[in-house]
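# Structural overview for review
Listed below, chain by chain, are the residues.
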Amino acid sequence: MLDYHFSNDFYRNIDAMIYTCGYENCAPGHSYGPILRNGYLIHYVLHGTGIYKARGNLFRLKEGDAFLICPGELIYYEADRNTPWTYTWIGMQGIKVKGYLERTALPEHLIAHFGQDAQLRSCHENMAKADRLSKNRDLIMNSILYEYLFLLAQKFPNEQYIVEKDHTNHVEEALRYIEDHYCDPIAIQDIADHLGLNRSYLHRIFKSFTGVSIQSYLLDYRMRQACILLKTTSLSVRAVAHSVSYMDPLYFSRIFHKKMGVSPSEYRYVNSPQ
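Keep in mind that this is a model prediction, so the values were computed, not measured.

Calculation rules
Residues numbered from 1 in each chain as written. Predicted model: local features only at pLDDT ≥ 70, side-chain atom pairs only at ≥ 80, totals over all residues. Heavy atoms only, no water. Helix = DSSP H or I, 4+ residues; strand = E, 2+ residues; numbered from the N terminus. Expected span 1.5 Å × (residues − 1). Buried < 20%, exposed > 50% of the residue type's maximum accessible area, 1.4 Å probe, protein only. Pairing = 2+ DSSP bridges. Axes fitted to C-alpha atoms, helices over the stretch in contact; angles between N-to-C directions. Salt bridge = Lys/Arg side-chain N within 4 Å of Asp/Glu carboxyl O. Arc of directions from axis to C-beta. Polar contact = N/O pair within 3.5 Å; in protein donor to acceptor, adjacent residues only side chain to side chain. Parallel < 35°, antiparallel > 145°, perpendicular 65-115°, else oblique. Contact = heavy atoms within 4.5 Å. Nonpolar A, V, L, I, M, F, W, Y, C, P; charged D, E, K, R; others polar.

Relative to the 27 Å expected for 19 residues at 1.5 Å per residue, helix 4 (residues 137-155) spans 27 Å between its end C-alpha atoms, a close match to the ideal helical length. When helix 4 is considered as a whole, its buried residues turn out to be Met-141, Asn-142, Ile-144, Leu-145, Tyr-148, Leu-149, Leu-151 and Leu-152.

So, in structure tokens, the structure goes:
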């Protein structure tokens, strides 16, 4: 029986965000997969037992255990037929989530024992409460996410984790430059020149830290800003295109349609307040 299930259709390049959460009291033998997911999910077993298969391993889990699902990895999990589990889950996406989770031992081991840890359990419970809010739900849910990530890093640290400060600083500076100049006709070479870095080196460290290329991130960021303008203003499509660096509105419309699946005008019609 599915008790609740929240899904948040945001863009994957936001720093870190909740994209799904839920709670399920599973029927005997209830299974999920084999399947690939497009975000990170952590399931926390509240009661009962079950199995989790990932990376060629089979894990037998019980009350107090947790398991991590990583994006792009084939997984399968199943409730025991005699003592089916009840679990709650938190799903997260974002350009910095991979790096945050690598501060923990979870990406390597995939499982951890939360036990009856009151703080971690509280994060799962508070996420469910936040889902029922009608206003500012995303803000409270994402604030819980950052608390959750902090607790995981504190309680299950990756002892081999080394902060590559110079690399991290370069990526952070690149992100800030994009946020400040996305409305200008900047190219990747401009960002590399601003940072005083070789373009290939910048591409390599950016993708290593974020999981996406800097070119893809820049395009996604511009499209996200265009979506905001289309939803919240009455600017013409031409003005929106200019505001995100595209001087040719027809070219902008083609890029937008390819990315979003609809034209700018259709997107505005569907997403504008009725």
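Our focus in this paragraph is the sheet that holds strand 3 (residues 31-35). Pairing is antiparallel in the open sheet, where 4 strands are placed in the order 3-8-5-6. Either end of the sheet is taken by a strand with one partner, and the two such strands are strand 3 and strand 6 (57-61). Pairs of neighbouring strands in the sheet enclose a mean axial angle of 15°, with direction left out of account.

Below, the discussion takes up the pattern of salt bridges. As enumerated under the stated definition, the model contains 7 salt bridges in all. When the shortest N-O distance is used, the salt bridge between Arg-55 and Glu-73 registers 3.0 Å. Of this pair, Arg-55 sits in the loop between strand 5 (50-54) and strand 6 while Glu-73 sits in the loop between strand 7 (65-69) and strand 8 (75-79), placing them 18 residues apart in sequence. Taking the relative accessible area as the measure of exposure, Arg-55 reaches 41% and is therefore partly exposed. The shortest N-O distance in the salt bridge between Glu-125 and Arg-121 comes to 3.4 Å. Taken together, the positions of Glu-125 and Arg-121, both in helix 3 (residues 118-131) and 4 residues apart, correspond to about one turn of that helix.

Turning to helix 7 (residues 199-210), a few remarks are in order. Taking 1.5 Å per residue, 12 residues should reach 16 Å; helix 7 reaches 16 Å between its end C-alpha atoms and fits that length. Turning to helix 7, its buried residues number three or more, namely Leu-202, Ile-205, Phe-206 and Thr-210. Burial along helix 7 is one-sided: seen end-on, the buried residues are contained in an arc of 110°. In this structure Asn-198 caps helix 7, since a side-chain oxygen of it lies 2.8 Å from the backbone nitrogen of Ser-200. Looking one or two residues beyond helix 7, the residue adopting positive phi is Gly-211, at roughly 85°.

Attention now goes to the packing of helix 3 against helix 4. For the pair helix 3 and helix 4, the least separation of the axes is 10 Å and the interaxial angle reads 170°. One element, helix 3, and the other, helix 4, form an angle in the roughly antiparallel class. Residues Gln-119, Leu-120, Cys-123, His-124, Asn-126, Met-127, Ala-130 and Asp-131 of helix 3 pack against Arg-137, Ile-140, Met-141, Ile-144, Leu-145, Glu-147, Tyr-148, Leu-151, Leu-152 and Lys-155 of helix 4. Counted by class, the contact of helix 3 with helix 4 contains 11 nonpolar, 3 polar and 4 charged residues.

Mapped onto the elements of the fold, His-47 is located in strand 4 (residues 40-47). Considered as a pair, His-47 and Pro-84 are 37 residues apart in the sequence and their alpha carbons are 8.0 Å apart. In contact with His-47, not counting residues within four places along its chain, are Glu-63, Pro-84, Trp-85 and Thr-86.

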